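# Geometric and topological summary
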Amino acid sequence: MEKIKMTTPIVEMDGDEMTRILWKMIKEHLLKPFIELNTEYYDLGLEHRNETNDQVTIDSANATKKYKVAVKCATITPNAARMTEYDLKEMWKSPNGTIRAILDGTVFRAPIVVKGIEPCVKNWKKPITIARHAYGDVYKGTEMKIPGAGKVELVYTAEDGHEERELVHNFTGAGIVQGMHNVNDSIASFARSCFNYALDTKQDLWFATKDTISKKYDHTFKDIFQEIYDNEYAEKFEKAGIVYFYTLIDDAVARVMKSEGGYIWACKNYDGDVMSDMVSSAFGSLAMMTSVLVSPEGYYEYEAAHGTVQRHYYKHLKGEETSTNSVATIFAWTGALRKRGELDGNQELMAFADKLEKATIDTIEEGKMTKDLALITTLENPTVLNSEEFILAIAEKLA
């Protein structure tokens, strides 16, 4: 069989631990036999990020600006334990956070719906897409440990030297403090990405913050969304028969649990990080959640919504068998290949992405699946496959 050719590369960002092992299997069994795979490779494994002082992460984001489409493997965001384990020079920031800041995009995450994997929330009938703001907040925060009594202030110094000060806290003993920021341009990009995506997919858009408590920070998000909606999108939404809806984040959580789904839920950065895991897990599995970073300039970065599956990786290193779900990582590749095909007018590549997704879903719906899905499926007598067997079963169906 003649392999499908690619005219333009995809930026390939390799990752860490068990997902790095799956990454190699997916390329070997599901991609290279069918495609003349054309990628510009960047190793975002923690060891290589440490060797390059995280420059490789910045380079991969800039390459995405050049080629417009990237696919990313899950990566480690180091904590104190990882500092010791990997003998790191410093506690490097989240690569996802770095890439999002450079591309100024919005992350859209949606569950992969499969027959036999029923949502934990019984009234959820349609996918819920989480739109996560991709800049700032705690992910670009500056933190300080306060050793003892003293005063902490926020200080703004204008270009003309004028100063404004706000008291954060008068400490009477040790404590901690964090400074967060965001910028209006990024919030506006986030809003437009959400409104455009809602129109593209013909889904209602919800947005939620805590503006009653955060009367300047969160309220600014609310105001920018409302202004852009009123001036640029209200008429378009009315014509499309869809709704933009704002509420408080705690009210949104309550409403989501009672809804049928089928809408986009826009969240600030941290809220989106947490809620996407809640939604994906409640739909069946964190490994069944797609994720795409979309920038207003037309850059796309596809990845799985889950982490590096550390526990399975340690088993793998001991030579023990694992049954790790690779579906979201496969769909990261199919999303990137489809978008590459769309931008290049390569119908064969787009059709292959569709076929690979169908082969993946068909394999599960026929009762062949990894252990995590077998534990929750409503299908009778499922066949539990190990990590590689599952990928090989998809390859067989694809062939």
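Here, residues in each chain are numbered from 1, in the same order as that chain's written sequence. Given that the model is predicted, a residue must reach a pLDDT of at least 70 before its local features are reported, and side-chain atom pairs must reach 80 or more before they are shown or counted; all residues, however, enter totals for whole chains, interfaces and linings. Side-chain numbers come from the whole structure's heavy atoms, not from hydrogens or water.

Segments assigned H or I by DSSP are reported as helices when at least four residues long, segments assigned E as strands when at least two residues long, and all are numbered from the N terminus. Summing up its helical and strand segments, the chain has 14 helices and 18 strands in all. In terms of overall dimensions, the chain has C-alpha extents of about 70 × 55 × 45 Å along its principal axes. Burial analysis of the chain (399 residues in total) assigns 51% to the buried set. Any two residues whose heavy atoms approach within 4.5 Å are treated as being in contact. Nonlocal contacts in the chain, meaning residues at least 24 apart in sequence, comprise 76% of its contacts between residues at least 6 apart. Whether a residue is buried, partly exposed or exposed follows from its accessible area with a 1.4 Å probe, protein chains only, as a fraction of its type maximum: under 20%, in between, or over 50%, in that order.

Taken N-terminus to C-terminus, the directions of helix H1 (residues 17–31) and helix H10 (residues 310–317) make an angle of 70°; their axes are 6 Å apart at the nearest point. Our classification of the angle between H1 and H10 gives roughly perpendicular. Contact residues: H1 offers Glu17, Met18 and Ile21, while H10 offers Gln310, His312, Tyr313, Tyr314 and His316. For this classification, Asp, Glu, Lys and Arg are treated as charged, while Ala, Val, Leu, Ile, Met, Phe, Trp, Tyr, Cys and Pro are nonpolar and the rest, including Gly, are polar. Classifying every residue of the contact of H1 with H10 by side-chain character gives four nonpolar, three polar and one charged. Axis definition: a line fit to C-alpha positions, over the contact stretch in the case of helices; interaxial angles, taken between N-to-C directions, run 0 to 180 degrees. When an angle is under 35 degrees it counts as roughly parallel; over 145 it counts as roughly antiparallel; between 65 and 115 it counts as roughly perpendicular; any other value is oblique.

A few words on unusual backbone geometry. The phi torsion at aspartate 54 lies on the positive side, around 70°, for a residue other than glycine. Locating aspartate 54 in the fold gives a position in the loop between helix H2 (46–51) and helix H3 (55–67). If you check the backbone angles, valine 309 has positive phi at about 55° while not being a glycine. Mapped onto the elements, valine 309 comes out in the loop between strand E16 (300–304) and H10. Judged by relative accessible area, which is 25%, valine 309 ranks as partly exposed.

Here the focus is the domain arrangement of the chain. Partitioning the chain into domains gives domain 1 (1–111 + 297–399), domain 2 (118–141 + 181–283) and domain 3 (142–179). Domain ranges listed in this record stem from an automatic or a database domain assignment. Centre-to-centre separation of domain 2 and domain 3, based on C-alpha positions: 31 Å. What counts as buried area is the accessible surface, traced by a 1.4 Å probe, that two parts surrender upon association, with contributions from both included. Both faces considered, domain 2 and domain 3 share a buried interface measuring about 260 Å² in area, 42% of it formed by carbon and sulfur atoms. Grouping the constituent residues of the side of domain 2 that touches domain 3 by class yields one nonpolar, two polar and two charged.

Quick look at H3 now. Think of an α-helix as 3.6 residues a turn; residues three or four steps apart then line up on the same face. An expected span of 1.5 Å times one less than the residue number is assigned to each helix. For H3, with 13 residues, the first-to-last C-alpha span of 18 Å sits near the 18 Å given by 1.5 Å per residue. Residues of H3 that are buried: Val56, Thr57, Ser60, Ala61, Ala63, Thr64 and Tyr67. When H3 is viewed along its axis, its buried side chains cluster within an angular range of 160° and face the same direction. Just beyond H3, the residue with positive phi is lysine 68, at close to 75°. Directions from the helix axis toward the C-beta atoms define the arc.

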